Every structure is written in C-alpha cells, then in structure tokens.
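One-letter residues, chain by chain:
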Amino acid sequence: MKVLVAVKRVVDYNVKVRVKADGSGVDIANVKMSMNPFDEIAVEEAVRLKEAGKASEIIVVSMGVKQCEETLRTALAMGADRAILVETETELQPLAVAKLLKEIAAKEAPQLMILGKQAIDDDANQTGQMVAALLGWGQGTFASKVDLAAETVNVTREIDGGLETVKLALPAVVTTDLRLNEPRYVKLPNIMAAKKKPLEKVSPADLGVDVTPRLTTLKVAEPAKRSAGIKVASAAELVAKLKNEAKVL
Amino acid sequence: MDFTYTDDQRAFRDAMRALLMVEASPERVREGWELDAGISPQLQELIAAQGLSALSVPEAFGGLGLADTDWALLSQEFGYYAVPDAALNTAYPAACLIAALPDAPSLQQATLPRLAAGELQLAISHPLNPLVADADRADLVLAWADSEVHAVPRSAVDVSALASVDPARRLYRVSLETGAGTRVADAAQGEVLWRELINRSNLAICGQLLGLTQRILDISIDYSAQRKQFGKAIGSFQAVKHHMADVAVQSEFAKPVFNRAAWAVEHGHPLRDVYVSQARLACSEAAALAARNGIQLHGAMGYTWECDLQIFMKRIWALASSWGDAAFHKARVADWLFAPDTEIGPGKTFI
C-alpha cells in the first residue's frame, strides 16, 4: 500500500517571528526554517505503518520554493522512500495546495494520504479537508490513533470533550493531531542515506493547476502588548477590582 | 579556504540540536551528576543511536568516513548543551587514530565496526592529560608510551577516581602495562598519529568552548532582560551590555580561527599544529571571558548551585588545561613564529 505524506516548510517553532515594518507579513529573511511539526507527526506515522508491514512505499510531497528540498530530505532521512517537490515561487494558499495534491494523488494512486492537521505559520487547518473533498475520499481529521486494515482505516479523532472513532473506506485522507505519536530523532547516517533517495521536481504547470492566490492579505499585526499587572493586598480587594473595575463578576 | 558549511553539515547540526535541546536540558545534565557515568544512560543510548560514533569510521567498516570540518558544528552543539565529552572523544579523535593505524588490521577489524554501531567506548592516555577521562567505562584505552601507540584492554588497566571541578566529568589516574602485545604502532608511526590526535582533540575542545560561550551569552542575555534594578532591566545599562558585547566580539573573532584550524587538519596543511593552537588560544580566551563576565552579570548568584550558569562555566574551567594548557599552545605558536625561516607580516602570517 502506498502512503502519500504532505510536508510544509515553515519558520522553526523556536523562532520568534517579527512582523514586517509595512505590515504585509512576517519577516522570514535569514530565519531558520524547518518541517511543520504536525507534518513530522504525519511522516512518523507513515514510517511506523511501513515498519509494521502495513505500508509498502512512502512518498513525501512538498510545495514551494527550492529550499523545500531540505524539508523533503529530512522526511527522507526519517524513513520516507521518495520525494516530490512542486517547485514554485508563487505564494501557495490551501486551495491551491489541495488541487496540487489531488493531481499528485491521481498520478501516484496512494491508498492513504496523511497530512498535519494545520501548519504552524498560517494555522489555516483547511488543506486536508479540501483535498479529501476534491478527491471524494473519506477524511479522518485530528487523528490521535490510526489503525490501518486492508480495505479500511479506523481513525480516533480528538474532539471537544472526548474522542470519536470513525471507520473510513480506503483510499482516505488523515490529518494528524499532536498526540498521535512522538516523531523520532533523525539519525546522522540516515541524513547521508537520504541524499541517495529519489527526489522528483515538477511545476504547478506540469500538473495543470492554476495556483494564483485567491485571497489577499490586508494587514499583519503583532498581538496587543499586555499591560503590567498589579499586586493586591487581599482577596477582598481582588474581588472588588474584578467586580468594579474589570466588571467580570 | 571556503568556510561555508554545507547543507549536510548544517543538517547534522540541526539533527543533533533537535535531540540535545530536549534530552540534554540542564535538569537532565544535573541528574547525570548523581550517576556513576556522569551522564544518564538514556542520553548515552540516544547519542549512540544517533549514529554519532559512525561519522569518522571509514565506509569500509560500516561508518560514514566523514572529515574534520564535519565535526566543527557538531562539537559546538556538545558544548552548548554541556554533554560530557566522552562520546565526542571516542567518536572523533580516538576513532580517527584507529582508522589511521598503518599496520593494525586486526585491531581495526575488531573495533571499527563496533565503534560505528556505537557499541565501543574508548579512552585516551597521553602525557598531556595526566588524568584520563572516563577510563573506568572504556572498553579499550589507547595509551602513549615513548611515542608508541598501545591498545590496552580495560581489564589490564587499574584506575583510581579523582574529583573534577565539573560534576559531570569522571577523571581517573590510570596504571597500565604496555608491551609488544599491546603495541599497535611503533614510535615513528606514533609521532604522526599522536600529533593528529592532539590536533583533533583540541578541535573538539575548541568547538565545545565556542558552544559553551554561546550558551553563557544566551543565558546571561535572558537574565539581564528579566532582572530589574532602579526600575529597569539591567540589560538596558551600558556597563552591563559591554560585558556581554566583549564576549560576543571575542567569540566571533575566534570562529574563523577555529574554522581555519579544522580545514587545515582536514587537508593536512603543513601549519595545522600552529593553526590548531592558535584556535585553541582564541576559543579558550573567549570562553574564559564568557565565564567571568557571566558570573559578573548574574551578580552574587552566578556561582551558586541553583543557577544553571555553573554547569557551563565549570565545563569551561575543566576544559581549560585539557589537551594542553595555554602555555603549551603558546609555545607551539611561538616555535613557529620565532623560527629563523618563518615569513611573517602582511600577506604572510594570516594566510
């Protein structure tokens, strides 16, 4: 069974991003980039399925600038078999990514597609759902457990107040939540081995997809700064302030 | 000389950093102090599983056969997270020495595949280091005897422990018998092998010192942004800023010297001994200044047990005289500088 995993190159989660002076976005010049953490979980899950003998081949896909190759190499070092880079300088929005993934899925015919539930840069949480709809496949989002069988996959989803388990007919789309697994550390020899694994490059035009952005970012601003707190002398004073000044009681 | 690190070298650094950031937190480092090994077995296993010890082992023996500049960024991560240096010593200078032995195929066959698999630990006994780090846990001690190289099994080595200023280091006075049965390189071969080992051990220390310097800078800058006096963060006072700026400048000036030394060792440059010693002096001075100014910036609490700063400054002090103190390295530079045929001056000294 082929498993397709989508990975996105984002600003590293340890980096504190800064808003550009003109408010048009965040400054990513000379900022450390790495794989979206939810996508790392997706790759890890696919590798575990392969190690369990349930998957035969793992294909990782990334889209964007040339440097996405580094992200794909990381996924290959984690255990994926081959990689596809859809190279473009155009800003890719969730619908464009979903369309590109649909075309790659049509070409590769995977039985399972795994994605992170969202990327930590735009927090859109849309691509998995959109690609499932475009392909007409079932979707199991926010997965905290994936149990793959020959024809179906049981996905335990994290929902408000508990867990929900859905059974999907294959092929299907699964998006990963934080508690699905703990990604492995990349081993140094595997970084070298990953260089020898195949990495195919295509363009959106090769796939026949128009990726022109449909949304315009009007303004990006930092969250309002919190004002300094105050110390109160007693619980009674605290209650009085919450009641009279903050008016939350 | 191209000092740009390759994508692979940066990928190695990132992979090691991702591991150490989580698994070698100051809390974990402190836990290691209470253990016999000075490091938690879990962290040791994780480092071994990372494949670190395979890097310098030739490909024919199951390793990656990488070179000296590949260690430059990795050793800085070891310093930044204050990982005890036994794993680094085994994987880098000791592994390179065994791989370079000209007439010891049986020893290479017996050790290098196990090294690549992370199953073998080595210790090095040399007059430059009267106390041998981690001798108690080593499977094999590589010993200097009148410039010869001897490989002595742990069972034939008597060790007695001594305390180190760094609670993570395990130092031993060793007593071992060398003879024809343990000799793996004669004195003529040994001169060359020990020279390279001293250079590589010092490169490993330089990298750690740069990492330790950066860590003290980061900790001190964080602290200076939080600690307030006269209603302001102390980091806003110029006199405090200058302490850290001095450290940053020294560290940045030491980096290219270190890079040149790593490049020179990798390429067998005729002046590699001088370059390594020059790097060692520059990195040691930057690290010593970081430790001194870090304590200053933390006020009275910089040296206390509770403060994480002590982890890093004590490692700097512990490494200060490892593989040659300042006098040894200054003498190596001076021997070259004051030789009658040395060409010095613009366009000569710093090429």
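Quick caveat, the model's predicted, so the values are computed rather than measured.

1. Things to note about the sheet that holds strand β6 (residues 112-116) of chain A
All names here are of chain A.
Inference 1: Strand order in the open sheet formed by nine strands is β9-β8-β7-β10-β6-β1-β4-β5-β11, with mixed pairing between adjacent strands. Both outer strands of the open sheet, β9 (162-169) and β11 (199-202), are each paired with one neighbouring strand and no more. Within the sheet, the average angular offset between the axes of one strand and its neighbour, ignoring direction, is 35 degrees.
Inference 2: When strand β1 (residues 2-6) meets β6, the two strands line up parallel, connected through three bridges. Within β6, the position partnered with valine 3 by the bridge is leucine 112.
Inference 3: Contacting β4 (57-64), β5 (82-87) and β11, helix α2 (residues 68-78) crosses the sheet at an angle of about 165 degrees to β4.
Inference 4: On the sheet, helix α3 (residues 94-108) packs against β1, β4, β5, β6 and β11 and is oriented at approximately 150 degrees with respect to β4.

2. Section: the nonpolar core
Inference 1: In this structure, Val5(A), Val43(A), Val60(A), Leu188(A), Leu20(B), Leu52(B) and Leu101(B) are the most contacted members of the largest nonpolar core, which totals 137 residues.
Inference 2: Top contributing element to this core by residue count: helix α7 (residues 187-226) of chain B, with 15 residues.
Inference 3: Excluding its chain neighbours within four sequence positions, the residues that come into contact with Val60(A) are Val5(A), Val43(A), Leu72(A), Ala75(A), Leu76(A), Ala80(A), Arg82(A), Ala83(A) and Ile84(A).
Inference 4: Membership of the second largest hydrophobic core comes to 26 residues, among which are Ala96(A), Leu101(A), Met113(A) and Val131(A).

3. With respect to the interface of chain A and chain B
Inference 1: Each partner contributes to the interface: chain A provides eleven residues, whereas chain B provides 20 residues.
Inference 2: The junction of chain A with chain B conceals about 1300 Å² of combined surface from both sides, 65% of it contributed by carbon and sulfur atoms.
Inference 3: The largest contributions to the chain A side of the interface with chain B come from Tyr185(A), Leu188(A) and Met192(A), which together make up 49% of the buried area.
Inference 4: For the interface between chain A and chain B, the tally reads two salt bridges.
Inference 5: Between the two partners, chain A and chain B, sit five residue pairs in polar contact (both at pLDDT 80 or more).
Inference 6: Each residue belonging to the side of chain A that touches chain B can be placed in one class, and the counts come to seven nonpolar, one polar and three charged.

4. Observations regarding the packing of aromatic side chains
Residues and elements named next belong to chain B.
Inference 1: The full count for this structure, using the stated rule, is five aromatic pairs over all chains.
Inference 2: With 5.1 Å between their ring centres and 25 degrees between their planes, tryptophan 71 and tyrosine 92 make a pair best called stacked. Here tyrosine 92 lies in helix α5 (residues 86-100) and tryptophan 71 lies in helix α4 (residues 69-80), a separation of 21 residues in the sequence.
Inference 3: With a relative accessible area of 2%, tryptophan 71 lands in the buried category.
Inference 4: Residue class for tyrosine 92 comes out buried when judged on its relative accessible area of 2%.
Inference 5: Here tyrosine 303 and tryptophan 317 contribute two aromatic rings whose centre-to-centre distance is 6.0 Å and whose plane-to-plane angle is 35 degrees, an arrangement assigned as tilted. Of the two residues, tyrosine 303 is situated in the loop between α9 (272-297) and α10 (309-319) and tryptophan 317 in helix α10; the sequence distance between them amounts to 14 residues.

5. Notes on the pairing of strand β1 (residues 122-125) of chain B
Residues and elements named next belong to chain B.
Inference 1: Across the two faces of β1 the burial is the same, with Leu122 and Ile124 and Ala123 and Ser125 all buried.
Inference 2: Direction of pairing for β1 relative to strand β3 (residues 140-145): parallel, over a ladder of four bridges. Bridge pairing in β3 links leucine 122 to leucine 140.

6. Considering the UniProt feature "domain: Acyl-CoA dehydrogenase/oxidase C-terminal" (unreviewed entry) in chain B
Inference 1: Per the UniProt record, "domain: Acyl-CoA dehydrogenase/oxidase C-terminal" (unreviewed entry) is annotated on residues 196-336 of chain B.
Inference 2: A distance of 17 Å separates the end C-alpha atoms of residues 196-336 of chain B, which is 77% helix and 3% strand.

7. Here's the deal with the UniProt feature "domain: Acyl-CoA dehydrogenase/oxidase N-terminal" (unreviewed entry) in chain B
Inference 1: Within this structure's numbering, the places UniProt gives as "domain: Acyl-CoA dehydrogenase/oxidase N-terminal" (unreviewed entry) are residues 6-119 of chain B.
Inference 2: The span residues 6-119 of chain B shows a helical share of 64% and a strand share of 0%, and its end C-alpha atoms are spaced 29 Å apart.

8. A word on the pairing of strand β8 (residues 152-159) of chain A
Residue and element names in this part refer to chain A.
Inference 1: Strand direction decides the pairing type here: strand β7 (residues 138-148) and β8, joined by five bridges, are antiparallel. Note on β8: the bridge partner recorded for valine 146 is valine 155.
Inference 2: Bridging between β8 and β9 involves eight bridges; their strand directions are antiparallel. When the bridges of β9 are listed, isoleucine 159 appears paired with glycine 162.
Inference 3: Where β8 hands over to β9, the hairpin turn is made up of two residues, of which glycine 161 adopts a positive phi near 80 degrees.

9. Here's the deal with a nonpolar patch on the surface
Inference 1: On the surface, a nonpolar cluster with roughly 350 Å² of combined accessible area is contributed by Tyr13(A), Ile120(A), Met21(B) and Val22(B).
Inference 2: As for its position among the elements, Val22(B) is in helix α1 (residues 7-23).

10. Thoughts on the packing of α7(B) against α10(B)
Residues and elements named next belong to chain B.
Inference 1: Contact geometry of α7 with α10 gives a least axis separation of 10 Å together with a crossing angle of 150 degrees. Compared by their axis directions, α7 and α10 come out roughly antiparallel. Taken as a pair, α7 and α10 cross one another with a handedness that is left-handed. Facing α7, whose interface residues are Ile205, Gln208, Leu209, Leu212, Arg215, Ile216, Ile219 and Ser220, α10 presents Leu309, Phe312, Met313, Arg315, Ile316 and Leu319.
Inference 2: Its residues assigned to classes, the contact of α7 with α10 shows ten nonpolar, two polar and two charged.

The rules behind these values
Residues numbered from 1 in each chain as written. Chains lettered and ligands numbered in written order. Predicted model: local features only at pLDDT ≥ 70, side-chain atom pairs only at ≥ 80, totals over all residues. Heavy atoms only, no water. Pairing = 2+ DSSP bridges. Helix = DSSP H or I, 4+ residues; strand = E, 2+ residues; numbered from the N terminus. Axes fitted to C-alpha atoms, helices over the stretch in contact; angles between N-to-C directions. Contact = heavy atoms within 4.5 Å. Core = buried A, V, L, I, M, F, W, Y, C linked by side-chain atoms within 4.5 Å. Buried < 20%, exposed > 50% of the residue type's maximum accessible area, 1.4 Å probe, protein only. Buried area = accessible area lost by both parts, 1.4 Å probe. Salt bridge = Lys/Arg side-chain N within 4 Å of Asp/Glu carboxyl O. Polar contact = N/O pair within 3.5 Å; in protein donor to acceptor, adjacent residues only side chain to side chain. Nonpolar A, V, L, I, M, F, W, Y, C, P; charged D, E, K, R; others polar. Phe/Tyr/Trp six-rings, centres within 6.5 Å; stacked < 30°, edge-to-face > 60°. UniProt positions renumbered as here; feature names shortened; annotations may be inferred. Patch = residues over 30% accessible without salt bridge, like charges linked within 9 Å, V, L, I, M, F, W, Y side chains within 5 Å. Areas by Shrake-Rupley, 256 points an atom, 1.4 Å probe, with all protein chains shown as cover. Parallel < 35°, antiparallel > 145°, perpendicular 65-115°, else oblique. Left-handed = near helix turned anticlockwise from the far one by under 90°.

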